[in-house]
Amino acid sequence: MAEIFYDKDADLSIIQGKKVAIVGYGSQGHAHAQNLRDSGVEVVIALKDGSKSAPKAQEDGFEVKSVADATEWADLIMILAPDQHQRGIYADSIKDRLTEGKTLAFAHGFNIRFGYIEAPEGVDVILVAPKAPGHTVRREYVAGRGIPDIIAVEVDASGSAWETAKSYAKAIGGTRAGVIKTTFTEETETDLFGEQAVLCGGMSHLVQYGFETLTEAGYQPEIAYFEVLHELKLIVDLMWEGGIAKQRWSISDTAEYGDYVSGPRVIDPHVKENMQAVLADIQSGAFAKRFIADQDNGAKEFLELREKEAGHPIEKTGKELRALFAWKQQDEGYTEGSAAR
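Residues numbered from 1 in each chain as written. Predicted model: local features only at pLDDT ≥ 70, side-chain atom pairs only at ≥ 80, totals over all residues. Heavy atoms only, no water.

As annotated in an unreviewed UniProt entry, the chain carries the name Ketol-acid reductoisomerase (NADP(+)) and is attributed to Homoserinibacter gongjuensis. Of the chain, the UniProt comment under Sequence similarities (unreviewed entry) reads exactly: "Belongs to the ketol-acid reductoisomerase family." (UniProt positions renumbered as here; feature names shortened; annotations may be inferred.)

**Overview of the UniProt feature "binding site: NADP(+)" (unreviewed entry) in the chain**
Those places that UniProt annotates as "binding site: NADP(+)" (unreviewed entry) correspond, in this numbering, to Y25, G26, S27, Q28, K48, S51, S53 and G134. On the secondary structure map, Y25 appears in the loop between strand 2 (19-23) and helix 2 (27-38). Among the residues examined, Y25 registers a relative accessible area of 6% and is labelled buried. Discounting chain neighbours no more than four positions away, the residues touching Y25 are H30, A33, Q34, I45, L47, S53, K56, A57, D60 and F62. A polar atom in the side chain of Y25 sits 3.1 Å from the side chain of Q34. Taking relative accessible area as the criterion, G134 reaches 0% and is therefore assigned buried. Not counting the four nearest positions on each side in its chain, G134 is found in contact with S27, Q28, H30 and A31. (Helix = DSSP H or I, 4+ residues; strand = E, 2+ residues; numbered from the N terminus. Buried < 20%, exposed > 50% of the residue type's maximum accessible area, 1.4 Å probe, protein only. Contact = heavy atoms within 4.5 Å. Polar contact = N/O pair within 3.5 Å; in protein donor to acceptor, adjacent residues only side chain to side chain.)

**A word on the packing of aromatic side chains**
Scanning all chains against the criterion turns up seven aromatic pairs. Look at F110 and F114: their rings are 5.2 Å apart centre to centre, the planes differ by 65 degrees, and that puts the pair in the edge-to-face class. Ring geometry for F287 against F291: centres 6.2 Å apart, planes inclined by 10 degrees, an arrangement best described as stacked. Within this pair, F287 and its partner F291 are both found in helix 16 (residues 286-296), separated by four residues, close to a single helical turn. Take F287: its relative accessible area is 28%, and that puts it in the partly exposed class. (Phe/Tyr/Trp six-rings, centres within 6.5 Å; stacked < 30°, edge-to-face > 60°.)

**Notes on the packing of helix 12 (residues 221-230) against helix 18 (residues 313-322)**
Between helix 12 and helix 18, the least distance of the axes is 10 Å, while the angle of their chain directions is 95 degrees. Considered as vectors, helix 12 and helix 18 are oriented roughly perpendicular to each other. Along the contact surface, helix 12 presents P221, E222, Y225, F226, V228 and L229, while helix 18 presents I314, T317, G318, L321 and R322. (Axes fitted to C-alpha atoms, helices over the stretch in contact; angles between N-to-C directions. Parallel < 35°, antiparallel > 145°, perpendicular 65-115°, else oblique.)

**Some thoughts on the environment of R145**
Among the structural elements, R145 can be located in the loop between helix 7 (134-142) and strand 8 (149-155). On the basis of relative accessible area, R145 is assigned to the partly exposed category, the value being 45%. In this structure, the C-alpha to C-alpha distance between R145 and R248, residues 103 residues apart in sequence, is 29 Å. Aside from chain neighbours lying at most four places away, what touches R145 is E140, G173 and R176.

**As for the confidence of the model for the chain**
Mean pLDDT over the chain stands at 94; residues scoring 70 or higher make up 95%. In the model, residues 336-341 has pLDDT below 50 throughout and makes seven contacts with residues more than four positions away in sequence or in other chains. (pLDDT = per-residue confidence, 0-100.)

**Some points on the sheet that holds strand 4 (residues 64-65)**
In spatial order, the strands read 1-9-8-7-6-5-2-3-4; together these nine strands make up an open sheet with mixed pairing. Bordering the open sheet on either side are strand 1 (4-5) and strand 4, each of which pairs with just one other strand. When strand 6 (residues 103-106) meets strand 7 (residues 124-130), the two strands line up parallel, connected through four bridges. Across the sheet, the residue bridging to A105 is I126, located in strand 7. (Pairing = 2+ DSSP bridges.)

**With respect to the side chain of Q208**
When you line up the elements, Q208 lands in helix 11 (residues 201-216). Note on Q208: relative accessible area 9%, which makes it buried.

Listed below in structure tokens is the structure:
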């Protein structure tokens with residue numbers, strides 16, 4: 001059974017007694033910084049010179065420092081920059097300023113797990129990862145609730161790294177909901193697998209194949225869109241509320257029977273074998289090497305794949321349909337053809 005921590009298990013005064021630098025002011029960065037500040041923690045934002053995020057952070061009332069200056073100033077440095085940029089930021093501005101007694105923190109274990117970042121001796125290395133986008137982490141905190149976090153310690157040089165991790169999680173609202181103890185390896189490998197095999201890769205391509213199957217059979221693309229994409233939210237919400245069992249309890253007998261007899265025809269044992277191959281690539285570091293090598297090459301493959309997927313017919317159908325919905329569902333909050341930031 002997983003070990004779970006709540007408010008009573010964490011001492012907020014630990015993080016309140018530390019100076020915290022948040023590296024990056026994007027989705028997670030703004031949420032961590034604002035929640036920490038509201039919990040009585042002294043926070044600065046660490047950004048590269050000329051960062052477009054600096055004016056926003058300053059508007060929100062934060063002092064902005066260079067990453068190097070912030071590292072020297074802070075007791076705890078939380079790196080919330082994108083995975084592919086972390087090693088460069090670390091090497092250029094953090095590594096030589098990480099003195100004994102400081103804490104290096106992450107919200108995803110990628111760079112530690114695959115060896116792209118190695119902390120010097122005498123430095124605690126911890127992970128505090130809210131399981132939601134930053135805007136949700138902030139919204140739930142303001143509402144007096146919290147988002148579940150997972151925490152881990154890779155290096156406990158001080159002997160109190162776990163207490164620091166729990167205190168940080170409490171300050172951003174995690175212990176209100178529950179904080180699960182894990183390891184950097186478990187967090188990184190399961191997170192990448194979940195994204196690739198189910199949540200993003202699996203779901204996206206399942207929907208695309210469903211859309212193609214219906215439209216190639218002569219059905220209207222608008223009807224196909226509703227049946228394989230639009231209604232997906234209803235099903236996922238039910239699963240989120242009460243698991244697969246509640247979803248099955250909520251749908252019609254016809255749909256439930258179809259789930260049992262047709263689901264295994266689509267998601268057959270070969271799919272599980274393919275998933276196991278994806279997991280093996282994650283565990284071996286092959287995926288990480290491919291991703292980082294491509295990023296170092298100007299993200300050539302990444303951008304080509306993004307452009308190709310954005311051209312799928314379901315995107316055109318969906319954009320036209322959403323503009324017509326009576327409830328005025330809009331394509332807001334992202335740049336057309338780009339990934340969420």
